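# Analysis of the macromolecular model
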Amino acid sequence: GDSVTQMEGPVTLSEEAFLTINCTYTATGYPSLFWYVQYPGEGLQLLLKATKADDKGSNKGFEATYRKETTSFHLEKGSVQVSDSAVYFCALSDPGGTSYGKLTFGQGTILTVHP
Amino acid sequence: DGGITQSPKYLFRKEGQNVTLSCEQNLNHDAMYWYRQDPGQGLRLIYYSQIVNDFQKGDIAEGYSVSREKKESFPLTVTSAQKNPTAFYLCASSIGQGRTDTQYFGPGTRLTVL
C-alpha cells in the first residue's frame, strides 16, 4: 500500500538557518505530492504541491522537488524564521490506490525556530 | 470569504454518549473528508464523500457514522462503539477527487471523552 516516511523530529534551528525536512514515499500509481503545515491548535494549511516528476513546488520561501527516481519530496527553506515554527506534514494522493482521492500522510515533523 | 468551518472547537463527552461534529463548506466542493489526528501521528481517513447522498469508509470507520444530505455539509457522529474517541478531528474538502486536486482543511474539533 501507499506510505509516506518523514524524517523524525523534533527539529530545532536558530533563526536564519537552512532547513531540510526529508520525505520519501511508496505508491502504487503516479501520485501527487503535498506539504501541509499545522500551527498549534489549528487545522492544516497547504504549503506547496507538485503533480509530476521534476516539478518544483514553492511558497513563502519553501521549496520541494518531486524526484521520481528517488521517490522523494524533501522540503527546504534557505532562511527560517521564528514564525515558521509548526508541524510539517508530507502527503501523497494516489488514484491507483484503493481510496480514490485519499491523502496518505507522514507522521509529521515538529519544527522549532529560536531567535 | 470561502472556507470550511467546524464546530464546536472543543467538545467533551461522557463515555457511552454519541456526539456529532459539524463540518460546513462554502467552496462549492464536491468531495468532503473526515480525518482523525492523534498526538505524534499523521492523519488517518475516517470517511469520505464524493457527492451528495454518497459516502465511503476510510481506513478507520469503525465506531463512526456520517451523512451527506447537502453539498455543503458533512457531519460526523462519533458513536459509543468507538473505543478510543479522544482525538483531534479534521474535516477537509476538495473540488473533486482527481490526483491533483488539493484538499483544504477546517480548523478542527478537539474531542475529549471524560
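Everything discussed here concerns the structure shown above.
Attention in this report is confined to the structure presented alongside it. (Residues numbered from 1 in each chain as written. Chains lettered and ligands numbered in written order. Predicted model: local features only at pLDDT ≥ 70, side-chain atom pairs only at ≥ 80, totals over all residues. Heavy atoms only, no water.)

## Describing the overall build of chain B
In terms of helices and strands, chain B carries zero helices and 11 strands. Order of helices (α) and strands (β) in chain B, N terminus to C terminus: β-β-β-β-β-β-β-β-β-β-β. Projecting the C-alpha coordinates of chain B onto the three principal axes gives extents of approximately 40 × 30 × 25 Å. Residue burial in chain B is summarised as follows: out of 114 residues, 50% are buried. Contacts in chain B between residues at least 24 apart in sequence constitute 54% of all its contacts with a sequence separation of at least 6. When the accessible surface of chain B is totalled, it reaches about 5,500 Å², and 48% of it is carbon and sulfur. Here chain B holds 12 positive side-chain charges and 11 negative ones, and the gap between their average locations is 6 Å. (Helix = DSSP H or I, 4+ residues; strand = E, 2+ residues; numbered from the N terminus. Buried < 20%, exposed > 50% of the residue type's maximum accessible area, 1.4 Å probe, protein only. Contact = heavy atoms within 4.5 Å. Areas by Shrake-Rupley, 256 points an atom, 1.4 Å probe, with all protein chains shown as cover. Lys, Arg positive; Asp, Glu negative; His and termini not counted. Charge placed at Lys NZ, Arg CZ, Asp CG, Glu CD.)

## Section: the pairing of strand 1 (residues 4-7) of chain B
All names here are of chain B. Of the two faces of strand 1, the one lined by Ile4 and Gln6 is fully buried and the one lined by Thr5 and Ser7 carries no buried residue. Where strand 1 meets strand 3 (residues 19-25), four bridges bridge the pair, whose relative direction is antiparallel. Across the sheet, glutamine 6 pairs through a bridge with cysteine 23, a residue of strand 3. (Pairing = 2+ DSSP bridges.)

## Points about the environment of threonine 86 of chain B
Residues and elements named next belong to chain B. Tracing the chain through its elements places threonine 86 in the loop between strand 8 (76-78) and strand 9 (87-94). Threonine 86 gets classed as partly exposed once you look at its relative accessible area, which sits at 34%. Expressed as a C-alpha distance, the spacing of threonine 86 and arginine 13, which sit 73 residues apart in the sequence, is 9.1 Å. If we skip the residues at most four places from it in the chain, threonine 86 touches Arg36, Asp38, Leu111, Thr112 and Val113.

## Considerations on the side chain of threonine 65 of chain A
Residue and element names in this part refer to chain A. Mapping threonine 65 onto the fold places it in strand 8 (residues 62-65). Residue threonine 65 is classed as buried on the basis of its relative accessible area of 16%. When near neighbours in sequence (up to four residues on either side) are disregarded, threonine 65 contacts Asp54, Asp55, Lys56, Ser72, Phe73 and His74.

## A closer look at the environment of glutamine 38 of chain A
Its location among the elements puts glutamine 38 of chain A in strand 5 (residues 32-38). With 30 residues separating them in the primary sequence, glutamine 38 of chain A and glutamate 8 of chain A have C-alpha atoms 16 Å apart. What glutamine 38 of chain A contacts, discounting residues up to four positions off in sequence, is Gly43, Leu44, Ala86, Val87 and Phe89 of chain A together with Gln37, Phe88 and Leu90 of chain B. Among the polar contacts listed, one links the side chain of glutamine 38 of chain A to the side chain of glutamine 37 of chain B, at a separation of 2.9 Å. (Polar contact = N/O pair within 3.5 Å; in protein donor to acceptor, adjacent residues only side chain to side chain.)

Remember, this is a structural readout, not a statement about activity or role.
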